[in-house]
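Here is what each chain is made of, one letter per residue.
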Amino acid sequence: MKIGQLYLSPDRVSGIVIACFALLLLIISSTAEWAFQETRDGLSVGFFPRITNIVTIILAVLVIIFPAESYPEKLAKLTPRGLLRAAIGLLFAVIFFILLQRIGFIYAAIPCLVIGKYLLGVRPWFYALLYGVVATGAVYALFYVLGFPLPGVY
Amino acid sequence: MLDPQVFGEALQILADPSVWYQVVIGVLIGITVGAIPGLSTSAGMALALPATLMLPTGAAFGLIIGVYKGSTFGGSISAITFATPGTAGAAMTSLDGYPLMRQGKGKKALQTALYSSVSADVITDVATMLVAPMIAVIALSFGPGERTALIILAFMLIGTLAHESPVKGMLAAALGMVLGIIGIDPVAQASRLTFGFYWLRDGIDIIPLMIGMFAISTMLLQLTEYTFNGNIKEKASDLAAKVSEGLKLHEFRKVIKSIGIGIGIGSVCGVLPGLGSTAASMIGYTIAKRLSPNGHEFGKGSLEGIAAAESSNNATVGPTLIPLLAFGVPGSTPAALIGGALMLKGLTPSPMLFETHASMVTALLLILLLANFVNLILSSIVFPIYARVGQLPQRILIPLVFLLATVGTYAYRSNPYDVLIMFLIGIIGFLMKIYEFPIPPLVLAFILTPLVESSLRRALVISRGNLVEAFGSPLSLVMLTAAVIVFVLSFRFSKKMKEVSGEVSREPEQAEEK
């Protein structure tokens, strides 16, 4: 077994990250002004956040001490290209959301779906266009049937 | 017991055509979601949750329960037709369903799955209707101390039983608590852990959390594993010919024993927080195999195997609502989502619900029952079509889910920060998935955190800060002791579950080799 695998197993890495995050929250909930504010029940506002973060730190430390023997399958399969695809997918969703607020559902959904499907390999481009229009129509119909107003559609 | 007047009022709610209409839509959406591998029951319910806000209460219940029922069965369609379970609970169904499909008995397998699912659903839903109000009466006698002890026990069950590693399950639950305490303190009305962001003052809303955790994280994961090739048309034509021979009455009679076992196991797993449908189908399948004289046929295309897996899976649906309705404690993710729908309608799940909104709760339980018959009729009609929906390629599915998640979260209350939170939670969920942290404990702990906080603080006020007095009642002590026992036993249980899952997953391979 490699030294890196032994000491920096994924469980240990995630345990350290969570422990550090919980420690930061514990410090905040022990030092912030709001944490000392007394409540009607005699406890301070920081009481419950402190308990929660202490429990989180203990459990994270347990994960660090007793990491899983096996390597996470999905993490092992993860490639930089795969991560890039996920990041682009998320970026597309953010762009769609910005457009949704500015120009409304229909005008935002059609180009985003068409480009999204084209980038995911729908060929020829005409099929991507067709899927984009049909999917937008289907979502529109679904929301209409559910009585749920879509942004920018009146 | 059921009050005739309350029952009459509940029937009046059901008389509204919009309830039926939404049940039909919900079941159809649910079957679609269930039949598509990669979209879980929870993701489907989470995506439907914002829509419930715009509907009348009865119709909202109809939609969310319809999605739940439809997707629970829908998962078996792709499990049988392509050996790819649409939902985790249908994983065991594929062990016998797919071999039957390859033998040209796909229709028989699908009908066995459908009739077993609906039989288990109906029986356990009736039991839920009878048992839940009685348990709620007992729950009313619980003080804040007992209630806190019960929630601690639920935390322990949810955290330890949901994953192979009890510590990772508990850590996921603790993270859910951390997310749950962000926002205003329930007593002092002071902001906590908002990092100076005003939009975190009200805390994290349930809809962005659910959609982020279940829909966005799944799609991000699918994008990392995405491949640009794959021939779909060929597979479709192969399978279309194999959906042929139907189930005979004498064959159904032979599987009744397996259905009975499934109902028993599924009910217990449904009531206990944390176990859920996946564990239920796994345990039900294993026990039915051991008790059946035809146990050697399991894994090679046994109808009993399908019946055991499907009835165990579906028998969790009604009983999983018992802890939610009787104690206000959701024991599974779908129950938490139904709890979310209740809260969006101003009905906070608690034992008092049976007193303050008795007709609404009874209507909810009746809709649960009604949805089974709608599911039976619709599934019988559409499963040959839906057997092909499972082939919906990722290239069409992924952009569509991103779109639905974004629109649903934003349109819910037109708050752009909800969408931001949904994306952030989606990234957290994605990281949890690749690092093999279970998501259900986080979601359930997030929902339970305000309950445990208010109960604990009330208990401490009553006992003037004395912990012994707060948790000194025999019932509290029993539940706290049970929580410790669960924690210790979970390590043994997780090992056993690993062995069982290893055993059953090896079986099809061995059958293929033979």
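Residues numbered from 1 in each chain as written. Chains lettered and ligands numbered in written order. Predicted model: local features only at pLDDT ≥ 70, side-chain atom pairs only at ≥ 80, totals over all residues.

Participant: Explanation requested: the overall build of chain B in the structure shown.
Facilitator: On a plain count of helices and strands, chain B comes out with 23 helices and 2 strands. Counting the 514 residues in chain B, one finds 63% classified as buried. At a minimum sequence separation of 6, the contacts of chain B that also span at least 24 residues come to 78%. (Helix = DSSP H or I, 4+ residues; strand = E, 2+ residues; numbered from the N terminus. Buried ≥ 20, exposed ≤ 12 C-beta atoms within 10 Å, placed from the backbone. Contact = placed C-beta atoms within 7 Å.)

Participant: Please clarify how the overall build of chain A should be interpreted in this entry.
Facilitator: Scanning chain A from terminus to terminus reveals 7 helices and 0 strands. Its helices and strands in sequence order give chain A the pattern α-α-α-α-α-α-α, from N to C terminus. Scaling as 2.2 N^0.38, a compact globule of 154 residues should have a C-alpha radius of gyration of about 15 Å, whereas chain A reaches 24 Å, well beyond that. By principal-axis analysis of the C-alpha atoms, chain A measures approximately 60 × 55 × 25 Å. Within the span of chain A, comprising 154 residues, buried residues form 31% of the whole. (Rg over C-alpha atoms; globule rule 2.2 N^0.38 Å.)

Participant: Can you help me understand the interface of chain B and chain A in this one?
Facilitator: Often the size quoted for an interface is simply the accessible area lost on bringing the parts together. Between chain B and chain A, the residue contacts involve 53 residues of the former and 63 residues of the latter. The element that contributes the greatest number of residues to the side of chain B that touches chain A is helix α19 (residues 394-413) of chain B, accounting for 12 residues. Taken together, the residues that form the side of chain B that touches chain A break down as 39 nonpolar, 5 polar and 9 charged. (Nonpolar A, V, L, I, M, F, W, Y, C, P; charged D, E, K, R; others polar.)

Participant: Can you help me understand the nonpolar core in this one?
Facilitator: The nonpolar side chains of a soluble globular protein tend to be buried with one another. Among the nonpolar cores identified, the biggest contains 207 residues, and Ile64(B), Met210(B) and Ile367(B) are the most heavily contacted of them. Residue contributions to this core peak at 14 residues, all from helix α18 (residues 358-389) of chain B. A domain-level breakdown of this core finds at least three residues from each of domain 1 (3-77) and domain 2 (80-146) of chain A. Residues contacting Met210(B), with those up to four places away along its chain left out, are Ala46(B), Leu49(B), Leu337(B), Gly340(B) and Val443(B). (Core = buried A, V, L, I, M, F, W, Y, C linked by C-beta atoms within 7 Å. Domains from an automatic or database assignment.)

Participant: Explanation requested: the packing of helix α2 (residues 17-35) of chain B against helix α3 (residues 41-52) of chain B in the structure shown.
Facilitator: Packed helices, taken two at a time, are described by their axes: the angle between them and the distance between them. Residue and element names in this part refer to chain B. Between α2 and α3, the shortest axis-to-axis distance is 9 Å and the interhelical angle comes to 140 degrees. Looking at the two axes, α2 sits oblique to α3. In this structure, α2 meets α3 at a crossing whose hand is right-handed. Of the residues in α3, those touching α2 at Ile-29, Gly-30, Val-33 and Gly-34 are Thr-41, Gly-44 and Ala-48. Among the residues forming the contact of α2 with α3, the class breakdown is 3 nonpolar, 4 polar and no charged. (Axes fitted to C-alpha atoms, helices over the stretch in contact; angles between N-to-C directions. Parallel < 35°, antiparallel > 145°, perpendicular 65-115°, else oblique. Left-handed = near helix turned anticlockwise from the far one by under 90°.)

Participant: Any chance you could explain unusual backbone geometry here in plain terms?
Facilitator: Residue Pro124(A) is bonded to the preceding Arg123(A) through a cis peptide linkage, with omega at -5 degrees. Counting through the fold element by element, Pro124(A) comes out in the loop between α6 (105-119) and α7 (125-146). A positive phi angle, near 50 degrees, is found at Ser414(B), a position not held by glycine. Take Ser414(B): it is sitting in the loop between α19 and α20 (416-434). Using a count of 10 C-beta atoms within 10 Å as the deciding quantity, one classes Ser414(B) as exposed.

Participant: Looking at this structure, I do not really get the confidence of the model for chain B. What am I missing?
Facilitator: Parts of the model with low pLDDT should not have their predicted coordinates read in detail. All names here are of chain B. The share of residues in chain B with pLDDT of 70 or more is 88%, and the mean pLDDT across the chain is 83. Per-element averaging of pLDDT across chain B places helix α10 (residues 233-240) at the bottom with 43 and α20 at the top with 94. Every residue in residues 230-242 is under pLDDT 50, and counting partners more than four places away or in other chains gives 10 contacts. In this model, residues 504-514 is a region of pLDDT below 50 whose contacts with residues beyond four sequence positions or in other chains number 11 contacts. (pLDDT = per-residue confidence, 0-100.)

Participant: Whenever I open this one, α2(B) confuses me. Can you help?
Facilitator: Since the α-helix turns once every 3.6 residues, residues separated by three or four places project in the same direction. Here α2(B) spans 27 Å end to end across 19 residues, near enough to the 27 Å set by a 1.5 Å rise per residue. For α2(B), the buried fraction is high: 14 of the 19 residues fall into the buried class. (Expected span 1.5 Å × (residues − 1).)

Participant: Please explain helix α9 (residues 206-224) of chain B as it appears in this structure.
Facilitator: Residue and element names in this part refer to chain B. Between its terminal C-alpha atoms α9 stretches 26 Å, which fits the 27 Å expected from 19 residues at 1.5 Å a residue. Within α9, the axis deviates most sharply at Gly-212, by approximately 35 degrees. Burial of α9 is extensive: 18 of the 19 residues sit out of reach of the surface. (Bend = angle between axes of the 7 residues up to and from the residue.)

Participant: Explain the domain arrangement of chain A here, please?
Facilitator: Split by domain assignment, chain A resolves into domain 1 (3-77) and domain 2 (80-146). Here the C-alpha centroids of domain 1 of chain A and domain 2 of chain A sit 37 Å apart.

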